[in-house]
Amino acid sequence: MDDPTTAADATGPAAGAVTPSLILPAAPPASDSPAPGAEFTPDVRAKLAELEERSKKHDQDLRPTNTVDGYAADWRQWTEFCRLLGLPVTAITPGSLTAFVEWLWWQPGWKKGTYLAPSNIDRRLSGVVVTGRTDHDLKLDKTVAACARWVLKAKVKTMEKTEETRGRGPAPALLVEHLRACVTAAPDTLLGLRNRSIALLAFALMAREHEVAFLRLRHITEHENGLLVDVRVSKTKPRLAKVPFGSRPSTCPVRAWRAWRDAAALTDPDGFAYRQLHNRWHTVLERGLDPETVGGIITALGQAADLPRRVTGHSARRGGASSADRRQLRRHGAVLRGGRRLGGQRHGRSAVTERSYWLLAAVEFVNASSAGNGGEKA
(Lines give C-alpha, C1' and ligand atoms only; values in the text may rest on other atoms or scores of the structure.)
Protein backbone atom coordinates (compact mmCIF):
# COMPACT_ATOMS: atom_id res chain seq x y z
CA MET A 1 0.00 0.00 0.00
CA ASP A 2 1.40 3.41 -0.98
CA ASP A 3 2.31 6.00 1.62
CA PRO A 4 -0.17 8.89 1.18
CA THR A 5 2.46 11.41 2.27
CA THR A 6 4.91 10.23 -0.34
CA ALA A 7 2.24 10.29 -3.04
CA ALA A 8 1.24 13.85 -2.22
CA ASP A 9 4.87 15.00 -2.35
CA ALA A 10 5.34 13.38 -5.72
CA THR A 11 2.26 14.76 -7.39
CA GLY A 12 2.04 18.16 -5.55
CA PRO A 13 -1.05 19.53 -3.83
CA ALA A 14 -4.41 18.61 -5.25
CA ALA A 15 -6.30 21.16 -7.29
CA GLY A 16 -8.12 23.69 -5.13
CA ALA A 17 -6.32 22.64 -1.91
CA VAL A 18 -4.98 25.30 0.44
CA THR A 19 -1.59 24.68 1.91
CA PRO A 20 -0.99 25.26 5.65
CA SER A 21 1.36 28.16 4.86
CA LEU A 22 -1.59 30.09 3.41
CA ILE A 23 -3.72 29.50 6.52
CA LEU A 24 -1.10 30.37 9.16
CA PRO A 25 1.57 32.65 7.71
CA ALA A 26 4.95 32.39 9.29
CA ALA A 27 5.50 34.83 12.17
CA PRO A 28 8.21 37.44 11.62
CA PRO A 29 11.39 37.14 13.64
CA ALA A 30 11.24 38.51 17.16
CA SER A 31 13.77 41.22 16.31
CA ASP A 32 11.50 42.55 13.56
CA SER A 33 8.39 42.85 15.84
CA PRO A 34 7.38 46.49 16.38
CA ALA A 35 7.39 47.85 19.91
CA PRO A 36 3.95 48.20 21.59
CA GLY A 37 2.41 51.47 20.44
CA ALA A 38 5.08 52.09 17.82
CA GLU A 39 2.48 51.87 15.06
CA PHE A 40 0.32 54.58 16.71
CA THR A 41 0.22 57.86 14.86
CA PRO A 42 0.41 61.19 16.72
CA ASP A 43 -3.35 61.60 16.28
CA VAL A 44 -4.02 58.22 17.90
CA ARG A 45 -1.72 59.04 20.82
CA ALA A 46 -3.51 62.35 21.31
CA LYS A 47 -6.90 60.61 21.39
CA LEU A 48 -5.64 58.04 23.90
CA ALA A 49 -4.30 60.80 26.12
CA GLU A 50 -7.68 62.54 25.98
CA LEU A 51 -9.45 59.30 26.94
CA GLU A 52 -7.08 58.89 29.89
CA GLU A 53 -7.93 62.39 31.12
CA ARG A 54 -11.65 61.73 30.73
CA SER A 55 -11.35 58.46 32.61
CA LYS A 56 -9.50 60.19 35.46
CA LYS A 57 -12.09 62.96 35.63
CA HIS A 58 -14.92 60.43 35.59
CA ASP A 59 -13.34 58.59 38.52
CA GLN A 60 -13.04 61.84 40.47
CA ASP A 61 -16.63 62.85 39.70
CA LEU A 62 -17.87 59.57 41.18
CA ARG A 63 -16.33 60.32 44.57
CA PRO A 64 -18.75 61.44 47.28
CA THR A 65 -18.69 65.13 48.12
CA ASN A 66 -17.48 64.46 51.67
CA THR A 67 -14.54 62.47 50.32
CA VAL A 68 -13.60 65.22 47.86
CA ASP A 69 -13.78 67.88 50.58
CA GLY A 70 -11.76 65.71 52.97
CA TYR A 71 -9.00 65.07 50.43
CA ALA A 72 -8.86 68.78 49.63
CA ALA A 73 -8.40 69.61 53.33
CA ASP A 74 -5.70 66.93 53.60
CA TRP A 75 -3.82 68.39 50.66
CA ARG A 76 -4.03 71.92 52.06
CA GLN A 77 -2.31 70.79 55.24
CA TRP A 78 0.29 68.92 53.23
CA THR A 79 0.93 72.05 51.15
CA GLU A 80 1.42 74.10 54.32
CA PHE A 81 3.80 71.47 55.70
CA CYS A 82 5.86 71.47 52.49
CA ARG A 83 5.97 75.28 52.47
CA LEU A 84 7.41 75.35 56.00
CA LEU A 85 10.12 72.84 55.08
CA GLY A 86 10.79 74.26 51.62
CA LEU A 87 9.78 71.03 49.87
CA PRO A 88 7.83 70.61 46.64
CA VAL A 89 4.35 69.17 47.15
CA THR A 90 5.27 66.18 44.98
CA ALA A 91 7.98 65.11 47.45
CA ILE A 92 5.84 62.31 48.87
CA THR A 93 8.34 59.86 50.34
CA PRO A 94 8.39 57.63 53.43
CA GLY A 95 10.62 60.17 55.21
CA SER A 96 8.50 63.21 54.36
CA LEU A 97 5.29 61.43 55.39
CA THR A 98 6.86 60.44 58.71
CA ALA A 99 7.83 64.05 59.33
CA PHE A 100 4.30 65.02 58.33
CA VAL A 101 2.94 62.79 61.10
CA GLU A 102 5.30 64.36 63.63
CA TRP A 103 4.13 67.82 62.56
CA LEU A 104 0.43 66.91 62.60
CA TRP A 105 0.71 65.38 66.07
CA TRP A 106 1.01 68.86 67.57
CA GLN A 107 -1.55 70.61 65.38
CA PRO A 108 -4.70 71.94 67.13
CA GLY A 109 -7.79 69.75 67.16
CA TRP A 110 -11.45 70.52 66.60
CA LYS A 111 -11.86 71.80 70.16
CA LYS A 112 -9.84 74.60 71.73
CA GLY A 113 -6.99 73.30 73.85
CA THR A 114 -6.87 69.88 72.14
CA TYR A 115 -4.65 68.33 69.49
CA LEU A 116 -5.46 66.51 66.28
CA ALA A 117 -6.93 63.03 66.75
CA PRO A 118 -4.94 60.00 65.51
CA SER A 119 -7.79 58.98 63.21
CA ASN A 120 -7.62 62.39 61.51
CA ILE A 121 -3.87 62.08 61.08
CA ASP A 122 -4.27 58.66 59.49
CA ARG A 123 -6.88 60.08 57.15
CA ARG A 124 -4.51 62.93 56.25
CA LEU A 125 -1.92 60.37 55.14
CA SER A 126 -4.45 58.61 52.92
CA GLY A 127 -5.62 61.90 51.40
CA VAL A 128 -2.10 63.00 50.55
CA VAL A 129 -1.15 59.70 48.92
CA VAL A 130 -4.38 59.44 46.91
CA THR A 131 -4.17 63.06 45.73
CA GLY A 132 -0.55 62.59 44.72
CA ARG A 133 -1.48 59.60 42.60
CA THR A 134 -4.61 60.99 40.98
CA ASP A 135 -3.93 64.71 40.61
CA HIS A 136 -0.14 64.70 40.16
CA ASP A 137 0.37 61.33 38.39
CA LEU A 138 2.91 60.17 40.95
CA LYS A 139 3.89 56.49 40.89
CA LEU A 140 3.84 55.84 44.61
CA ASP A 141 4.47 52.45 46.15
CA LYS A 142 1.60 51.02 48.14
CA THR A 143 3.82 50.95 51.24
CA VAL A 144 4.92 54.57 50.97
CA ALA A 145 3.02 55.50 54.16
CA ALA A 146 3.83 52.31 56.12
CA CYS A 147 6.63 53.86 58.20
CA ALA A 148 4.54 56.95 58.97
CA ARG A 149 1.65 54.80 60.17
CA TRP A 150 4.00 52.74 62.32
CA VAL A 151 5.19 55.95 64.00
CA LEU A 152 1.58 57.04 64.48
CA LYS A 153 0.70 53.69 66.04
CA ALA A 154 3.57 54.02 68.50
CA LYS A 155 2.38 57.48 69.48
CA VAL A 156 -1.13 56.17 70.08
CA LYS A 157 0.22 53.48 72.42
CA THR A 158 2.14 56.11 74.38
CA MET A 159 -0.98 58.29 74.52
CA GLU A 160 -3.04 55.41 75.92
CA LYS A 161 -0.48 54.81 78.66
CA THR A 162 -0.69 58.42 79.76
CA GLU A 163 -4.51 58.34 79.47
CA GLU A 164 -4.46 61.29 77.10
CA THR A 165 -7.63 61.71 75.05
CA ARG A 166 -7.87 63.26 71.61
CA GLY A 167 -10.83 63.82 69.36
CA ARG A 168 -14.42 62.94 70.06
CA GLY A 169 -13.77 59.22 70.25
CA PRO A 170 -16.04 56.53 68.78
CA ALA A 171 -19.75 57.14 68.60
CA PRO A 172 -21.60 55.80 71.66
CA ALA A 173 -23.49 52.59 70.93
CA LEU A 174 -27.26 52.85 70.71
CA LEU A 175 -28.16 49.65 72.55
CA VAL A 176 -31.54 47.95 72.81
CA GLU A 177 -32.45 49.66 76.07
CA HIS A 178 -31.63 53.04 74.52
CA LEU A 179 -33.59 52.16 71.39
CA ARG A 180 -36.69 51.39 73.45
CA ALA A 181 -36.47 54.80 75.11
CA CYS A 182 -36.10 56.51 71.72
CA VAL A 183 -39.10 54.69 70.28
CA THR A 184 -41.21 55.62 73.28
CA ALA A 185 -40.20 59.28 72.96
CA ALA A 186 -41.22 59.45 69.27
CA PRO A 187 -44.72 60.92 68.82
CA ASP A 188 -47.52 58.93 67.18
CA THR A 189 -47.57 61.23 64.15
CA LEU A 190 -46.40 60.80 60.56
CA LEU A 191 -43.10 62.38 61.53
CA GLY A 192 -42.77 60.08 64.53
CA LEU A 193 -43.59 57.00 62.47
CA ARG A 194 -40.90 57.88 59.94
CA ASN A 195 -38.24 58.65 62.53
CA ARG A 196 -39.07 55.53 64.52
CA SER A 197 -38.77 53.34 61.43
CA ILE A 198 -35.45 54.94 60.45
CA ALA A 199 -33.89 54.27 63.85
CA LEU A 200 -35.13 50.68 64.07
CA LEU A 201 -34.15 49.74 60.51
CA ALA A 202 -30.72 51.36 60.84
CA PHE A 203 -30.19 49.36 64.03
CA ALA A 204 -31.35 46.09 62.44
CA LEU A 205 -29.20 46.59 59.33
CA MET A 206 -26.21 48.00 61.22
CA ALA A 207 -26.44 50.59 58.48
CA ARG A 208 -24.58 53.79 57.82
CA GLU A 209 -26.57 56.99 57.36
CA HIS A 210 -26.24 57.03 53.56
CA GLU A 211 -27.31 53.40 53.28
CA VAL A 212 -30.66 54.28 54.85
CA ALA A 213 -31.04 57.62 53.08
CA PHE A 214 -30.71 56.16 49.57
CA LEU A 215 -33.05 53.21 50.00
CA ARG A 216 -35.84 53.05 47.43
CA LEU A 217 -39.21 51.44 47.95
CA ARG A 218 -38.29 48.59 45.60
CA HIS A 219 -35.26 47.80 47.74
CA ILE A 220 -37.44 46.74 50.70
CA THR A 221 -39.55 43.67 50.01
CA GLU A 222 -41.84 41.66 52.24
CA HIS A 223 -40.96 38.17 53.38
CA GLU A 224 -43.06 35.76 55.39
CA ASN A 225 -40.53 36.06 58.22
CA GLY A 226 -39.66 39.74 57.92
CA LEU A 227 -38.06 41.96 55.32
CA LEU A 228 -35.46 41.57 52.61
CA VAL A 229 -33.53 44.81 52.22
CA ASP A 230 -31.37 45.29 49.14
CA VAL A 231 -28.75 47.84 50.22
CA ARG A 232 -27.56 49.13 46.86
CA VAL A 233 -25.69 52.28 47.90
CA SER A 234 -22.95 51.42 50.38
CA LYS A 235 -19.48 52.55 51.34
CA THR A 236 -18.18 49.01 50.87
CA LYS A 237 -20.35 46.94 48.53
CA PRO A 238 -24.05 46.18 47.96
CA ARG A 239 -25.63 43.48 50.08
CA LEU A 240 -28.95 41.75 50.58
CA ALA A 241 -29.86 41.85 54.26
CA LYS A 242 -32.52 39.88 56.12
CA VAL A 243 -34.48 41.73 58.81
CA PRO A 244 -36.48 39.36 61.05
CA PHE A 245 -39.41 40.37 63.22
CA GLY A 246 -38.49 41.90 66.55
CA SER A 247 -39.15 40.15 69.83
CA ARG A 248 -41.24 43.14 70.96
CA PRO A 249 -43.84 44.86 68.77
CA SER A 250 -42.76 48.29 69.98
CA THR A 251 -39.19 47.84 68.73
CA CYS A 252 -39.90 45.62 65.72
CA PRO A 253 -38.31 47.10 62.57
CA VAL A 254 -40.74 45.19 60.32
CA ARG A 255 -43.85 46.55 62.00
CA ALA A 256 -42.36 50.05 62.16
CA TRP A 257 -41.62 49.98 58.42
CA ARG A 258 -45.12 48.79 57.59
CA ALA A 259 -46.66 51.52 59.76
CA TRP A 260 -44.64 54.26 58.04
CA ARG A 261 -45.19 52.87 54.54
CA ASP A 262 -48.96 52.60 54.99
CA ALA A 263 -49.33 55.98 56.71
CA ALA A 264 -47.28 57.72 54.01
CA ALA A 265 -49.09 55.81 51.21
CA LEU A 266 -45.84 54.85 49.50
CA THR A 267 -46.58 53.11 46.20
CA ASP A 268 -43.95 54.27 43.70
CA PRO A 269 -41.25 51.57 43.60
CA ASP A 270 -38.68 54.07 42.33
CA GLY A 271 -39.45 56.60 45.07
CA PHE A 272 -37.38 56.98 48.19
CA ALA A 273 -38.31 54.74 51.11
CA TYR A 274 -37.88 57.61 53.57
CA ARG A 275 -38.97 61.02 52.34
CA GLN A 276 -39.04 64.58 53.49
CA LEU A 277 -42.14 66.01 55.11
CA HIS A 278 -43.58 69.48 54.66
CA ASN A 279 -42.27 71.81 57.35
CA ARG A 280 -45.72 73.06 58.28
CA TRP A 281 -48.30 70.48 57.17
CA HIS A 282 -46.08 67.36 57.49
CA THR A 283 -47.35 66.04 54.16
CA VAL A 284 -45.12 63.55 52.35
CA LEU A 285 -42.91 65.08 49.64
CA GLU A 286 -41.20 63.34 46.74
CA ARG A 287 -37.71 64.28 47.84
CA GLY A 288 -35.67 61.87 49.89
CA LEU A 289 -33.47 62.50 52.92
CA ASP A 290 -29.76 63.20 52.83
CA PRO A 291 -27.40 61.19 55.05
CA GLU A 292 -26.87 64.12 57.43
CA THR A 293 -30.61 64.34 58.04
CA VAL A 294 -30.77 60.63 58.86
CA GLY A 295 -28.03 61.11 61.44
CA GLY A 296 -29.80 64.15 62.82
CA ILE A 297 -33.02 62.18 63.23
CA ILE A 298 -31.29 59.55 65.37
CA THR A 299 -29.61 62.28 67.41
CA ALA A 300 -32.94 64.06 67.94
CA LEU A 301 -34.56 60.83 69.12
CA GLY A 302 -31.78 60.35 71.65
CA GLN A 303 -32.23 63.89 72.94
CA ALA A 304 -36.00 63.43 73.20
CA ALA A 305 -35.41 60.23 75.19
CA ASP A 306 -32.96 62.10 77.46
CA LEU A 307 -30.20 59.54 76.96
CA PRO A 308 -27.09 59.97 79.13
CA ARG A 309 -24.82 60.42 76.08
CA ARG A 310 -25.34 62.21 72.78
CA VAL A 311 -25.90 59.59 70.10
CA THR A 312 -25.12 60.13 66.42
CA GLY A 313 -26.12 58.52 63.15
CA HIS A 314 -23.31 55.99 63.54
CA SER A 315 -24.55 54.97 67.00
CA ALA A 316 -27.27 52.76 65.53
CA ARG A 317 -24.72 50.83 63.46
CA ARG A 318 -22.39 50.42 66.41
CA GLY A 319 -25.23 49.53 68.75
CA GLY A 320 -26.54 46.87 66.38
CA ALA A 321 -23.15 45.19 66.29
CA SER A 322 -22.69 45.43 70.05
CA SER A 323 -26.15 43.99 70.75
CA ALA A 324 -25.52 41.16 68.30
CA ASP A 325 -22.29 40.39 70.09
CA ARG A 326 -23.93 40.34 73.50
CA ARG A 327 -27.21 38.61 72.63
CA GLN A 328 -27.12 36.79 69.31
CA LEU A 329 -23.80 35.02 69.75
CA ARG A 330 -24.71 33.91 73.25
CA ARG A 331 -28.10 32.61 72.07
CA HIS A 332 -26.73 30.48 69.23
CA GLY A 333 -23.52 29.45 70.98
CA ALA A 334 -21.36 30.85 68.20
CA VAL A 335 -17.72 31.65 68.83
CA LEU A 336 -16.08 33.65 66.04
CA ARG A 337 -12.38 34.37 66.01
CA GLY A 338 -10.64 37.07 64.01
CA GLY A 339 -12.39 39.36 61.55
CA ARG A 340 -13.03 43.07 61.81
CA ARG A 341 -14.66 44.06 65.07
CA LEU A 342 -17.56 46.42 64.56
CA GLY A 343 -19.17 46.86 67.92
CA GLY A 344 -16.17 47.35 70.14
CA GLN A 345 -17.52 44.69 72.54
CA ARG A 346 -15.57 41.51 73.22
CA HIS A 347 -16.54 38.55 75.38
CA GLY A 348 -13.63 36.23 75.93
CA ARG A 349 -12.00 35.87 72.53
CA SER A 350 -15.18 36.06 70.45
CA ALA A 351 -15.78 39.00 68.13
CA VAL A 352 -18.82 39.78 66.02
CA THR A 353 -18.22 40.56 62.36
CA GLU A 354 -20.53 41.99 59.75
CA ARG A 355 -20.74 38.69 57.92
CA SER A 356 -21.56 36.78 61.09
CA TYR A 357 -24.48 39.09 61.80
CA TRP A 358 -26.09 38.26 58.43
CA LEU A 359 -25.63 34.56 59.20
CA LEU A 360 -27.29 35.00 62.57
CA ALA A 361 -30.16 36.90 60.97
CA ALA A 362 -30.62 33.97 58.61
CA VAL A 363 -30.79 31.65 61.63
CA GLU A 364 -33.56 33.87 63.00
CA PHE A 365 -35.46 33.35 59.76
CA VAL A 366 -35.07 29.57 59.97
CA ASN A 367 -36.20 29.49 63.59
CA ALA A 368 -39.22 31.64 62.78
CA SER A 369 -40.16 29.37 59.88
CA SER A 370 -39.93 26.30 62.07
CA ALA A 371 -42.21 27.91 64.63
CA GLY A 372 -44.85 28.34 61.94
CA ASN A 373 -46.08 31.68 63.27
CA GLY A 374 -44.68 33.95 60.57
CA GLY A 375 -41.77 34.97 62.73
CA GLU A 376 -43.81 37.09 65.12
CA LYS A 377 -43.22 36.72 68.80
CA ALA A 378 -45.28 37.86 71.71
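Being a predicted model, the structure only gives us computed values, none of them experimental. (Residues numbered from 1 in each chain as written. Predicted model: local features only at pLDDT ≥ 70, side-chain atom pairs only at ≥ 80, totals over all residues. Heavy atoms only, no water.)

Draft legend 1. Broad picture of the overall build of the protein chain. Scanning the protein chain from terminus to terminus reveals 14 helices and 5 strands. Expressed as a percentage of the 378 residues in the protein chain, the buried residues total 39%. With the model as given, the accessible surface of the protein chain reaches about 22600 Å², and the carbon-plus-sulfur share is 55%. (Helix = DSSP H or I, 4+ residues; strand = E, 2+ residues; numbered from the N terminus. Buried < 20%, exposed > 50% of the residue type's maximum accessible area, 1.4 Å probe, protein only. Areas by Shrake-Rupley, 256 points an atom, 1.4 Å probe, with all protein chains shown as cover.)

Draft legend 2. Just the environment of Ser 126, in detail. Within the secondary structure, Ser 126 is located in helix 6 (residues 118-135). Residue classification places Ser 126 among the partly exposed positions, given a relative accessible area of 26%. Spatially, the C-alpha atom of Ser 126 lies 8.3 Å from that of Tyr 71, the residues being 55 residues apart in sequence.

Draft legend 3. Geometry of the pattern of salt bridges. Here the structure, examined in full by the defined rule, presents 16 salt bridges. Among the ionic pairs, Glu 211 bridges to Arg 239, the shortest N-O distance being 3.1 Å. Of this pair, Glu 211 sits in helix 10 (residues 209-213) while Arg 239 sits in strand 3 (residues 239-244); the two residues are 28 residues apart in sequence, bridging distant segments of the chain. Classification of Glu 211 by relative accessible area gives buried; the value is 2%. The network of salt bridges with common partners includes Glu 222, Arg 258, Arg 261 and Asp 262. (Salt bridge = Lys/Arg side-chain N within 4 Å of Asp/Glu carboxyl O.)

Draft legend 4. Examining the confidence of the model for the protein chain more closely. Mean pLDDT for the protein chain: 80, with 76% of residues reaching 70 or above. When mean pLDDT is compared element by element in the protein chain, helix 11 (residues 253-264) scores highest at 97, while helix 2 (residues 20-23) scores lowest at 43. Low confidence marks residues 331-359, where pLDDT is under 50. Its contacts with residues over four positions away, or in another chain, come to 58 contacts. (pLDDT = per-residue confidence, 0-100. Contact = heavy atoms within 4.5 Å.)

Draft legend 5. Spatial organisation of the side chain of His 210. Summarising the element assignment, His 210 is placed in helix 10. When its relative accessible area of 19% is taken as the criterion, His 210 is described as buried.

Draft legend 6. View of the packing of aromatic side chains. Counted under the stated rule, the structure contains 8 aromatic pairs. Each ring, one from Trp 78 and one from Phe 81, has its centre 5.5 Å from the other, and the planes form 35°; the classification is tilted. Taken as a pair, Trp 78 and Phe 81 lie in helix 4 (residues 65-85) at a separation of 3 residues, close to a single helical turn. Since its relative accessible area comes to 0%, Trp 78 is described here as buried. Between Trp 106 and Tyr 115 the ring centres are 5.4 Å apart and the planes differ by 90°, which places this aromatic pair in the edge-to-face class. Overall, the relative accessible area of 52% leaves Trp 106 in the exposed class. Exposure remark for Tyr 115: the relative accessible area of 34% places this residue in the partly exposed category. Site record: aromatic cluster; members linked through ring pairs are Trp 78, Phe 81, Phe 100 and Trp 103. (Phe/Tyr/Trp six-rings, centres within 6.5 Å; stacked < 30°, edge-to-face > 60°.)

Draft legend 7. Spatial organisation of the nonpolar core. Grouped together as the largest cluster of nonpolar side chains are 44 residues, with contacts concentrated most on Leu 174, Leu 201, Ile 220, Val 229, Val 243, Trp 257 and Tyr 274. For this core, the secondary structure elements donating two or more residues are helix 8 (176-185), helix 9 (190-205), helix 10, strand 2 (226-231), strand 3, helix 11 and helix 12 (291-304). Those residues in contact with Leu 174 that lie beyond four places of it in its chain are Leu 179, Cys 182, Phe 203, Ile 298, Leu 307, Val 311, Ser 315, Ala 316, Gly 319 and Gly 320. Residues Trp 75, Trp 103, Trp 105 and Ala 145 belong to the second largest nonpolar core, which totals 24 residues. (Core = buried A, V, L, I, M, F, W, Y, C linked by side-chain atoms within 4.5 Å.)

Draft legend 8. How the structure looks around the packing of helix 6 against helix 7 (residues 146-161). Between helix 6 and helix 7, whose axes approach to 11 Å, the crossing angle comes to 175°. The angle between the axes of helix 6 and helix 7 places the two elements in the roughly antiparallel class. Touching Pro 118, Ile 121, Asp 122, Leu 125 and Ser 126 of helix 6 are Ala 148, Arg 149, Leu 152, Val 156 and Met 159, all from helix 7. Among the residues making up the contact of helix 6 with helix 7, the classes are represented as 7 nonpolar, 1 polar and 2 charged. (Axes fitted to C-alpha atoms, helices over the stretch in contact; angles between N-to-C directions. Parallel < 35°, antiparallel > 145°, perpendicular 65-115°, else oblique. Nonpolar A, V, L, I, M, F, W, Y, C, P; charged D, E, K, R; others polar.)

Draft legend 9. Fine view of the side chain of His 219. When you line up the elements, His 219 lands in the loop between helix 10 and strand 1 (220-223). What His 219 contacts, discounting residues up to four positions off in sequence, is Phe 214, Leu 228, Val 229, Asp 230 and Arg 232.

Draft legend 10. Molecular detail of the sheet that holds strand 2. Pairing is antiparallel in the open sheet, where 3 strands are placed in the order 1-2-3. Here the strands that pair on one side only, and so sit at the sheet edges, are strand 1 and strand 3. Within this sheet the neighbouring strands show an average axis-to-axis angle of 25°, counted without direction. Here strand 1 pairs with strand 2 via 4 bridges, running antiparallel. Looking across to strand 2, one finds that Thr 221 is bridged to Leu 228. (Pairing = 2+ DSSP bridges.)

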